[in-house]
Amino acid sequence: MGTGVGSPIAQVQAGLAALTAVDAVELPDEQVRAEVLALLTCLNQVTGALLARIGAFDARDLARADAQRATSTWLVDFGSMSKRQAVRWLAYARLLTRLPALAEAARAGRLSAEQLAPIAELVRHIGVEQVRDYDQILADLCASAGPAEVARACARIWALVDPDGAEPDPMDDFDRREITFSQLGTMLYIRGRLDPEGAAAVQAAVDAGYTFTLLSNDASLLGAAARAAVAAGRSVRFPRAAA
């Protein structure tokens, strides 16, 4: 099928080109309203189509063709996504490969990314096998309810399936470590999540007045850099350059 002339994607692109060539300011009220509604459905359909293809891309490990080790990093480099957004979209894509009713709703434009967010959170807490029993129910709900209603339904399902709540998984929390840096003017903003040991080391290093130059945005290295500074009793660069 491809993306060449006459392919479905080429037709979508041609349609969008014609659509964006029209000045919406000049359109009559009723047409503007009708087109907004139609385009919202189209947005959901395109999202569904994209997620289906990200799922196939991931299952086939196609990122390696571009010298990328993971689909998420490929989405960052080739899709102009942030790491957080790439991980989120990949999670959505993987989720829809396991929940056919919701996948069909996405392809039909009846499921938005906002509605999918609480469902993905539900899966994270109770597992996709448990959510599979509610696949059709959630798909039907998404056709007529907004994200807030879907989130409430997910909360009820969670309470029903796991009324006492699951025990915290230390390894799951450990794997969710992250750190991001963003520049705004002359200020550098830092946001992250560390394991208790790493957080304690960072706090100790900061309290002692040590600086530790981190040569990576890997959250696991931040704690290691702080521990190295505390152990050395001085500021450090981490990881150390090869000799």
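Enquirer: Can you help me understand the overall build of the chain in this one?
Expert: Looking only at helices and strands, the chain has 12 helices and four strands in total. Looking at the 243 residues of the chain, the share that counts as buried comes to 30%. By sequence separation, contacts in the chain at least 24 residues apart represent 51% of the contacts at least 6 residues apart. Total accessible area computed for the chain in this model is approximately 15,600 Å², and 57% of it derives from carbon and sulfur atoms.

Enquirer: Got a minute to help me understand the side chain of Gln115 in this structure?
Expert: Residue placement: Gln115 occurs in helix α6 (residues 113-126). Take Gln115: its relative accessible area is 5%, and that puts it in the buried class. Engagement of the side chain of Gln115 in a polar contact is seen with the backbone oxygen of Cys142, the distance being 2.9 Å. Excluding residues that lie within four positions of it along the chain, Gln115 makes contacts with Arg110, Cys142, Ala145, Gly146, Pro147 and Val150.

Enquirer: How do you make sense of a nonpolar patch on the surface when you look at a structure like this?
Expert: Among the surface-exposed residues, Val32, Val36, Leu37, Leu40 and Leu43 lie close enough to one another that they form a single nonpolar patch of about 420 Å² accessible area. With respect to the secondary-structure elements, Leu43 resides in helix α2 (residues 29-59).

Enquirer: What is the right way to read the nonpolar core from this model?
Expert: Nonpolar side chains in soluble globular proteins tend to be buried together. Counting residues in hydrophobic clusters, the biggest one holds 36 residues, and the most contacted among them are Leu95, Leu96, Leu102, Leu111, Leu116, Ile119 and Leu138. In terms of residue count, helix α4 (residues 83-96) provides more of this core than any other element does, seven residues in total. Setting aside residues up to four positions removed in sequence, Ile119 forms contacts with Leu95, Leu102, Leu138, Cys142, Val150 and Cys154.

So, how was this worked out
Along each chain, residue indices are assigned from 1 in the same order as the chain's sequence is written. Selection of residues for local features in this predicted model requires a pLDDT of at least 70, selection of side-chain atom pairs for listing and counting requires 80 or more, and totals for whole chains, interfaces and linings are taken over all residues. As a rule here, side-chain values come from all non-hydrogen atoms in the structure, and water together with hydrogens is ignored. The secondary structure listing takes helices from DSSP runs of H or I that are at least 4 residues long and strands from runs of E that are at least 2 residues long, numbered from the N terminus. The buried label applies to any residue whose accessible area, calculated with a 1.4 Å probe on protein chains only, is under 20% of its type's maximum; exposed applies above 50%, and partly exposed to all values in between. In this description, contact between two residues means that some pair of their heavy atoms is separated by no more than 4.5 Å. Using a 1.4 Å probe, the Shrake-Rupley method yields the accessible areas, and only the shown protein chains count as cover for residues. Here a polar contact means two N or O atoms within 3.5 Å. Within protein one must be a hydrogen donor candidate and the other an acceptor candidate, and residues neighboring in sequence count only if both atoms are side-chain atoms. Patches here are clusters of residues that have more than 30% relative accessible area and form no salt bridge, with a 9 Å joining cutoff for like charges and a 5 Å cutoff for nonpolar side chains (Val, Leu, Ile, Met, Phe, Trp, Tyr). Salt bridges are defined by distance alone: a side-chain nitrogen of Lys or Arg within 4 Å of a carboxyl oxygen of Asp or Glu. Buried residues of nine kinds, namely Ala, Val, Leu, Ile, Met, Phe, Trp, Tyr and Cys, make up a nonpolar core once their side-chain atoms join them within 4.5 Å.

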